[in-house]
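Chain by chain, the residues:
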Amino acid sequence: MQIFNANVRDRILDLVKAILKQNSIAVEVDPESRLVNAGLTSMDMVNLMLGVEAEFDFTIPQSEITPENFQSVKLWN
């Protein structure tokens, strides 16, 4: 189970890094990094949510789309 969680975490972290790179933001991020502090805007959060849905082929329930659930990658493990 630990390997599965690490794989999921790494895939989500890759999505965050891709958004930052697209925005020309050069900052180191890790699973504990606060996404807002790393430079993600509210629009970036929407793109991240859509990226997660596409990457894992599922839909995030509307009730789970809250700022609290999008603070860091670690929260999704």
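Remember, predicted model here, so these are calculated numbers, not experimental data. (Residues numbered from 1 in each chain as written. Predicted model: local features only at pLDDT ≥ 70, side-chain atom pairs only at ≥ 80, totals over all residues. Heavy atoms only, no water.)

Enquirer: Can you walk me through the overall build of the protein in this structure?
Expert: The secondary structure content of the protein amounts to three helices and zero strands. Its helices and strands in sequence order give the protein the pattern α-α-α, from N to C terminus. Taking 77 residues into account, the globule formula puts the C-alpha radius of gyration at 11 Å, and the protein, at 12 Å, falls close to it. Overall, the protein is about 30 × 30 × 20 Å in size when its C-alpha atoms are taken along their principal axes. (Helix = DSSP H or I, 4+ residues; strand = E, 2+ residues; numbered from the N terminus. Rg over C-alpha atoms; globule rule 2.2 N^0.38 Å.)

Enquirer: Can you walk me through the side chain of Ser72 in this structure?
Expert: Topologically, Ser72 is positioned in the segment after helix 3 (42-56). With near-sequence residues (within four places) excluded, Ser72 lies in contact with Pro31, Glu32, Ser33 and Leu35. (Contact = heavy atoms within 4.5 Å.)

Enquirer: Would you explain the nonpolar core in this entry?
Expert: Grouped burial of nonpolar side chains is what soluble globular proteins tend to show. Counting residues in hydrophobic clusters, the biggest one holds 18 residues, and the most contacted among them are Val16, Leu35, Leu40 and Leu48. Within the residue set of this core, elements represented by two or more residues are helix 1 (2-22), helix 2 (35-38) and helix 3. Examining the composition of this core, we find that seven residues originate from one element, helix 1, more than from any other. Discounting chain neighbours no more than four positions away, the residues touching Leu40 are Val16, Ile19, Leu20, Leu35, Met45 and Leu48. (Core = buried A, V, L, I, M, F, W, Y, C linked by side-chain atoms within 4.5 Å. Buried < 20%, exposed > 50% of the residue type's maximum accessible area, 1.4 Å probe, protein only.)

Enquirer: What is the right way to look at the side chain of Asp44 in this model?
Expert: In this structure, Asp44 sits in helix 3. No salt bridge is formed by the buried Asp44, whose closest oppositely charged neighbour, Arg34, lies at an N-O distance of 15 Å. Engagement of the side chain of Asp44 in a polar contact is seen with the backbone nitrogen of Thr41, the distance being 2.9 Å. Discounting residues that sit within four places of it in the chain, Asp44 has contacts with Ile19, Asn23 and Gly39. (Lys, Arg positive; Asp, Glu negative; His and termini not counted. Salt bridge = Lys/Arg side-chain N within 4 Å of Asp/Glu carboxyl O. Polar contact = N/O pair within 3.5 Å; in protein donor to acceptor, adjacent residues only side chain to side chain.)

Take it as geometry only, folks, not as evidence of what the structure does.
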